[in-house]
Amino acid sequence: GKEKWPRGDENVWKEGSRSVNTDVSSVTKSIVNHVQTSLARQAYNLDNLGAYQAAALSVRDDLILNWNETQMHYTRKAPKRAYYLSLEFLMGRTFDNALLNLGLKDQYREGVTKLGFNMEDLLEQERDAALGNGGLGRLAACYLDSSASQELPVWGYGLRYQYGIFQQLISPEGQQLEQPDPWLAGGENPWELPRLDVSYEVRFYGTAERLPDGRALWQGGQEVLAVAYDVMVPGCYTKNTNNLRLWESKPKRGFDLNSFNAGDYEHAVESSNSAAAITSVLYPNDHTNNNESRDRSQLSYTHLVGKELRLKQQYFWTAASLADIVRRFKNIGKPFSEFPDYVAIQLNDTHPTLAIPELMRILIDEEEIPWGKAWDIVTNTVFYTNHTVLPEALEKWPVPLMEHLLPRHMQIIYDIVLHDEGFSCKVHRQAVLLKSTVLTKSSAVEKKFPGDRDRLARMSLIEEGFPKQVRMAHLACIGSRKVNGVAELHSDLVKTTILKDFVEFEGQSKFSNVTNGITPRRWLDQCNPELSALISKTLKVDKSVWLKDLDRLKGLLPYAEDVEFRKEWAAIKQRNKERLAHHVETTLGLTVNTNAMFDVQIKRLHEYKRQTLNILGVIHRYLTLKQMSAAERKKVNPRVVFFAGKAAPGYYIAKLTIRLIVNAARIINADPDTRDLLTVYFLPDYSVSLAEVLIPSSDISQHISTAGTEASGTSNMKFCLNGGLLVGTVDGANIEIAEAVGENNVFFFGHLTPAVEDLRYQHMYRPVPVEEKCPALAKVLDKISGGMFGDGGVYEPLLNTIRQNDYYLITEDFDSYIGALEMVDQAYLDKEEWIKKSIRTTANMGKFSSDRAILEYAESFWSIEPVKVT
Ligand code: H53
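The residue numbering used here restarts from 1 in each chain and proceeds along that chain's sequence as written. Confidence filtering applies because this is a predicted model: local features only for residues at pLDDT of at least 70, side-chain atom pairs given and counted only at 80 or more, and all residues used for totals across whole chains, interfaces and linings. Excluding hydrogens and water, the side-chain values take into account all heavy atoms of the structure.

Right, let's get into empty space enclosed by the protein. Gaps left between atoms are located by rolling a probe of water-molecule size over the structure's atoms. Of the two site types, the cavity is a set of points on a 1 Å grid over the protein atoms alone where a 1.4 Å probe fits but cannot get out, and the pocket is an open set with protein on both sides within 12 Å along at least five of seven lines, each lined by residues with an atom within 4 Å of a point. Grid points are joined across faces, edges and corners, and a volume is the space filled by probe spheres set on the points. Tallied over the entire structure, the rule returns eight cavities of 30 Å³ or more. The computed volume of the largest cavity comes to approximately 160 Å³. Among the secondary structure elements, those contributing two or more residues to the lining of the largest cavity are α7 (135-149) and β10 (222-234). Amino acid classes used here: Ala, Val, Leu, Ile, Met, Phe, Trp, Tyr, Cys and Pro are nonpolar; Asp, Glu, Lys and Arg are charged; the rest, including Gly, are polar. Of the residues contributing to the lining of the largest cavity, the split by class is seven nonpolar, three polar and four charged. For the purposes of this entry, the term helix denotes a DSSP run of H or I that reaches at least four residues, the term strand denotes a run of E that reaches at least two, and both are numbered from the N terminus.

A few words on the sheet that holds strand β18 (residues 511-513). Strand pairing requires that DSSP identify at least two bridges connecting the strands. Across the sheet, nine strands lie side by side as β7-β10-β11-β4-β1-β12-β13-β17-β18; this open sheet has mixed pairing. Where the open sheet ends on each side, the last strands, each with one partner, are β7 (192-204) and β18. In this sheet, adjacent strand axes meet at a mean angle of 25° when their direction is disregarded. Sheet analysis places strand β4 (residues 154-159) next to strand β11 (residues 241-251), joined by five bridges and oriented parallel. Bridge pairing in β11 links tryptophan 155 to asparagine 243. Whether two residues touch is decided by their heavy atoms; if any such pair falls within 4.5 Å, the residues are in contact. To obtain each axis, a line is fitted to C-alpha atoms, and for helices this fit is confined to the stretch in contact; angles are then taken between N-to-C directions over 0 to 180 degrees. Running at roughly 95° to β11, helix α3 (residues 48-77) makes contact with β1 (81-85), β4, β7, β10 and β11 of the sheet.

The strand order β21-β20-β19-β22-β23-β24 describes an open sheet built from six strands, whose pairing is parallel. Of all strands in the sheet, those bounded by a partner on one side alone are β21 (678-682) and β24 (746-749). Each strand of the sheet is rotated relative to its neighbour by a mean of 20°, with strand direction disregarded. As paired elements, strand β22 (residues 700-703) and strand β23 (residues 725-729) share four bridges and run parallel to each other.

Next up on the list: the nonpolar core. Definition of nonpolar core: a set of buried residues of the types Ala, Val, Leu, Ile, Met, Phe, Trp, Tyr and Cys, connected through side-chain atoms within 4.5 Å. For the exposure calls, accessible area comes from a 1.4 Å probe over protein chains only, and a residue counts as buried if that area is under 20% of its type's maximum, exposed if over 50%, partly exposed in between. Core analysis: the largest hydrophobic core is formed by 177 residues, its most contacted members being Phe204, Trp247, Phe642 and Trp862. In terms of residues, this core owes the most to one element, helix α11 (residues 307-332), which gives 11 residues. Built from parts of two domains, this core gets at least three residues from each of domain 2 (397-480) and domain 3 (520-856). With 58 residues, the next largest nonpolar core counts Leu625, Ile658, Ile668 and Ala820 among its residues. A domain assignment, automatic or from a database, supplies the domain bounds used here.

From the geometry alone we can't say anything about function, so treat these as descriptive.
Right, dumping it as structure tokens:
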């Protein structure tokens, strides 16, 4: 039946209601309206920034209408929903993406032109939302885009940092300098809706007193407020507009009036300061667990800021998100036994693992559900994605810190040890019993593997040591319904290394793989509009079809044989190179040779990603060129090498690598003998928006991590989707890309994963000098030490990582790396064949759409279905 109209005259409401802009004249009307009212400006004094703001506000209105309808529709239908908990969402810009997804790009372009502006200029006005470090955060953003595009009821939950990832400056000496990123400082953010009415109290510290009935009373300590900001996430060519809810911390009661009256002004502001501090800044460390690292200096930043704040962020965010999820579930009016039929929670890495004890706390202490039932609910609701097997990146939190900050959660973690698994050896349980009134059950692990004390210690949630530490990956694993890795090789490694004992204990079926994906909307249509148009024209289907069914790219395969098509394909690559060159020219004042092969490595600076291997290879190339005769040089194909990426502020070796790249570039680019054949650029302040310019221009890109260290990689997928060829190791998703596009279309090199452990052992206990192992590399190292790129002494700590343990096996892979780059040179000589490779690569990349990935999560993990808004 028809619902009764809630208030007033239905017709008056209907007449007054605005609908989404669909034609140019409604677009221009709405923009002018915002210029005049929201901005209080006029045609006379409107600059590009103002025009962008007005256009963005107009799009915002459109988004709000769809967002409202979607949320109302989901509430009415009450389907099972999935929640993606991620401490990072690297969204980049929104304006162009919103226009694409709304299907309004042409209308806005025309409208903006009519108003006397240029669309490209307006798009450049927007600041990136850079609330993430790298791959993990960008993956979350791609998954939101795909969830909405596939009409799945998925919400994201994260933190609304005042400062995103730092802005990177490079000093003339090649030092990375960090500057804060006050991305919200420019006034109102048009893409979010402040929901000051949606807020929750979150407690820290205090005491937890166990009650006889199994519950506990957690009281005292500090309470802060979590306030919701909703970011609208439009699906592509659908009304469905999902929500990303970001929490901001606020002091519970502004100023403490009592202490203010007593004249203790500083104390009064202090409590409000520390509450606001929680969501003030994104932690710029990626791949460190805050406690240990191969490069000790990587920790200094953390010491400075304090790791307690990071744990506070994690709890603040999980607690607010769970309170919100539970409240929404309660509104449906179902019993808690049905919670897993309505809610799926995906943990993006271990950062939100506290969701497990927090949900237990809510169920036991607030909903008075007995332990066993509560544990069933939790372990049927929560899912965990692992993104790394690097030991130094696995999160561990000191027990004393946890006990202090989250006393009730520490009790619950101890209780999990006792109740569920008894993973710990008896020694552990003794310790646990002293803190717990709950009786121990017989240990399930002990039963299955009697007397295997090593195994019990390995599997324990608590690692022995001073201090003891909680192993978050173990907690996430036992508290989840499913555990997955992010590429096939990586998922196998998860099962055979860090969680091996758990696979033996719980069986294979809980562990699986979902290979990462990328959204073709941003990473093909938006960043490479000409290629997108050529694809639509060639396939004779509208992009609204193939952008949501990427396997259709296969239809391009026959055109690899078509000379005319190849010409168009190559011309687009060329124009994308010129677009990048123009960008470098206008931002850095440098001229780039667009007749060269473009060779790109852009990612976070990290030893395991081996930018060092790349720059050492560049220097080797330079030395080789220098030795050639002028006649020989004539035969060489020119090459431009681009680097971009940020180093964690305290990661000394990574910063030194940047310094080497910058100084090598300075010398090499200035050498008249070689500069037509080899130039090197380090582009500062890598970001999503910079990636959108770099990726479509590449001929080759480098993904050269030591085998077994890069879980998946996702930029590898972006380059290949745009017809760039891959140079890489047999690692992460590189392997599946090669399977998809064909081994003859990629350039692989280096040792395989199974060899790595043995090689490291040899390096530790039977080291061979670099001169013997790899003379070509030794020569390069000598040149650097000898001062070819400025004071050689500066680079000694970096060079010594190679000369000493060489943990990431540069010496082992150097020769085959150089060999692979020679193969690239060879292949590039045959231009037509090269273009065919490029076309075939793009054509075979359908699998790597994040739509495929998100549907795998939806179907095999979450059991949710599309809910279309009509
Ligand atoms: O996650 C990406 C992977 C990539 C992996 C990355 C990642 C982070 O960005 C941060 C922490 C972490 O544990 C892993 O390094 O290989 O593609 C998305 O899965």
